Amino acid sequence: MTRQIELLAPAGTFEALTHACAFGADAVYAGMPRYSLRVRNNDFRNVERLKAGIDHMHNHGKKFFLALNVMPHGNKVKSFLNDLAPIVECKPDALIMADPGLILMVRETWPDVQIHLSVQANTMNSASVKFWQRQGISRVILSRELSLKEVAEIRQDCPDMELEVFVHGALCIAYSGRCLLSGYFNHRDANQGTCTNACRWQYGLTDTKETPEGEVVPHFADMDTLYSRDSTTLIKPSASSGGGCSSCGPKSEEADYTPHPDAEKSYLLQEMKLRQGEWMEISEDENGTYIMNSRDLRAIQHVQKLVEIGIDSLKIEGRTKSAYYVARTSQLYRQAIDDAVAGREFSPELYGKLEGLANRGYTDGFLQRHVPDAYQNYLSASSVHYRQQFVAQVLEYDAATGLSRLDVRNHFASGDRIEVISPNGNRDMVLGEMKTTRGETIPVAKGSGYVVLADIGPTTPMTMVARYLETPIAT
């Protein structure tokens, strides 16, 4: 079966939607705040806004999927059909859903509406895919916890079902979204769209002592030395194991882990900002510490394999991310898909360009547990060379003067090496003279809130400017 590979980008705002569309995405997904897992930073809070987004994508020959993937309590079920009815009339291309009850309600009320099964349903095997296919689901978004081999097996067993896989963005420390930390700390439920990302807060670690009554309490003699969450590893691989911790390189399957002398001790953890004095007992083993910040998924190196497997849609996470993030990831994954379809080799330069985006460190997730030497080389050869910061958005271009009007987002200066990022292609250059809107020459654009004029070549309103934080080096 010949499949058209779709690139699916996040759209938390209308600006992100238009940038995704311009920079290579075939489709976007946005959510209704009440029924999706992203309440904050969501531009699509009413029918009019959703209709504008749907119309924009359709006018450009592209698709709009609506996320309704909440696991609802009873009060949301009661209002669901009435709230959804006017949006169905706007004709989104599919609804992304997870809850069986809501799916049943949609199937009974609008039998012709396409439904994509959300990653929140944690579909792990072909038997589950076949079950959902019999319920009228047209696409299954596979669980993030699958390997490439498992994805290929599902594709082979379910040849006539559309399959979607996440390739980039934030990961959860639980099975996608099924985490209790936010609800426990803040009474804001992750599966109601109000996750506070408690796994990414700063935590402090302290030794403990036992009271005569047997209670474990902080060892206050050591309170002046609270370790950050990323600085303490209590399990070290032995010298003969070949690695095992993040600072020691990849671990082999036969790694012989030797406990650190302190690993048998008891430790207490506290959240450093709002809950000082509220201690939680914590333990650590060879797999890591369990209240921790996950690295972000980056699977651009696996795009070629996913294309070969026959996955229908490759998905970027990030509905709370900026338009710059959406544009950049869309553009880079578009190139990776186009290269794979055309039979061209993967370009390691894409690694470095993604490194320039805000991230928490990258991982393959579960797609490939042991990273081949080639991909390690991509990382070491590219990552530091392309560190960038988004600094300006083009507002307009004056062909008569050759100057672009730039909405400044971050500090930059004449003489900086920049990349001009456009849907029509990118270019590197050294930034020349800048002027204010009154025509005064200035050496520095100080930051957000300023508008400056500069000659960066012909541009369009979608064009963005990023400055290099290090000098790029050819690899």
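Rules used in this analysis
Residues numbered from 1 in each chain as written. Predicted model: local features only at pLDDT ≥ 70, side-chain atom pairs only at ≥ 80, totals over all residues. Heavy atoms only, no water. Helix = DSSP H or I, 4+ residues; strand = E, 2+ residues; numbered from the N terminus. Buried < 20%, exposed > 50% of the residue type's maximum accessible area, 1.4 Å probe, protein only. Areas by Shrake-Rupley, 256 points an atom, 1.4 Å probe, with all protein chains shown as cover. Axes fitted to C-alpha atoms, helices over the stretch in contact; angles between N-to-C directions. Parallel < 35°, antiparallel > 145°, perpendicular 65-115°, else oblique. Contact = heavy atoms within 4.5 Å. Nonpolar A, V, L, I, M, F, W, Y, C, P; charged D, E, K, R; others polar. Pairing = 2+ DSSP bridges. Phe/Tyr/Trp six-rings, centres within 6.5 Å; stacked < 30°, edge-to-face > 60°. Lys NZ or Arg CZ within 6 Å of the ring centre and 35° of its normal. Salt bridge = Lys/Arg side-chain N within 4 Å of Asp/Glu carboxyl O. Left-handed = near helix turned anticlockwise from the far one by under 90°.

Peer 1: Explain the overall build of the protein chain here, please?
Peer 2: For the protein chain, the helix and strand inventory stands at 11 helices and 28 strands. A burial count over the protein chain gives 51% of its 475 residues as buried. Here the protein chain displays about 22,400 Å² of accessible surface, and carbon together with sulfur accounts for 49% of that area.

Peer 1: Mind showing me how you'd approach the packing of helix α1 (residues 14-22) against helix α2 (residues 47-59) here?
Peer 2: Each packed pair of helices is defined by two parameters, the angle between the axes and the distance between the axes. Running from amino to carboxyl end, α1 crosses α2 at an angle of 5°, the nearest separation of the two axes being 10 Å. By the angle between their axes, α1 is roughly parallel relative to α2. Listed contacts from α2 to Phe14, Leu17, Thr18 and Cys21 of α1 are Arg49, Ala52, Gly53, His56 and Met57. For the contact of α1 with α2, the residue count by class is five nonpolar, three polar and one charged.

Peer 1: What am I meant to see in the sheet that holds strand β27 (residues 451-454) here?
Peer 2: Whenever strands of a sheet pair, they do so through backbone hydrogen bonds, lying parallel or antiparallel. Read across the open sheet, the eight strands follow the order β23-β22-β28-β19-β20-β27-β24-β25; overall the sheet is antiparallel. Bordering the open sheet on either side are β23 (427-430) and β25 (441-442), each of which pairs with just one other strand. The pairing of strand β19 (residues 388-398) with strand β20 (residues 403-408) spans six bridges and is antiparallel. Paired with alanine 392 across the bridge in β20 is valine 408. Taken strand by strand, helix α9 (residues 323-342) contacts β19, β22 (417-421) and β28 (464-468), and its axis lies near 80° from that of β22.

Peer 1: Teacher, can you tell me more about the packing of aromatic side chains here?
Peer 2: The geometry of an aromatic ring pair comes down to the distance between the two centres and the angle between the two planes. Going through the model one piece at a time under the given rule, you end up with five aromatic pairs. Arranged with centres 6.2 Å apart and planes meeting at 80°, the rings of phenylalanine 44 and phenylalanine 64 form a pair that is edge-to-face. One end of the pair, phenylalanine 44, is in the loop between β2 (27-31) and α2; the other, phenylalanine 64, is in strand β3 (residues 63-68), with 20 residues separating them in the sequence. On the accessibility criterion, phenylalanine 64 (0% relative accessible area) is buried. Its guanidinium or amino end placed over the ring of phenylalanine 166, arginine 144 lies 3.9 Å from that ring's centre, counting from NZ or CZ. If you follow lysine 321 out to its NZ or CZ, it ends over the ring of tyrosine 325, 5.0 Å from the centre.

Peer 1: What is the right way to look at the pattern of salt bridges in this model?
Peer 2: Side chains carrying opposite charge are able to pair once their charged atoms draw close together. Following the criterion strictly, the structure yields 19 salt bridges and no others. A salt bridge links lysine 51 to aspartate 55, with the shortest nitrogen-to-oxygen separation between them at 2.7 Å. You can see lysine 51 and its partner aspartate 55 sitting in helix α2, four residues apart, about one turn around the helix. Owing to a relative accessible area of 38%, lysine 51 belongs among the partly exposed residues under this scheme. Here lysine 353 makes a salt bridge to glutamate 419, at a shortest N to O gap of 3.3 Å. Of this pair, lysine 353 sits in helix α10 (residues 349-355) while glutamate 419 is found in strand β22, placing the two residues 66 residues apart along the sequence. The buried category is assigned to lysine 353, whose relative accessible area is 10%. Here the residues in one salt-bridge network are Glu6, Arg139, Glu162, Glu164 and Lys315, joined through shared partners.

Peer 1: What is the right way to look at the packing of α1 against α9 in this model?
Peer 2: Across the interface, α1 lies against α9 with an axial gap of 8 Å and an inter-helix angle of 20°. The pairing of α1 with α9 is recorded here as roughly parallel in orientation. α1 and α9 meet at a crossing whose hand is right-handed. Touching Glu15, Ala16, His19 and Ala20 of α1 are Ala323, Val326, Ala327 and Ser330, all from α9. Partitioning the contact of α1 with α9 into residue classes produces five nonpolar, two polar and one charged.

Any link to function would need more than the numbers given here.
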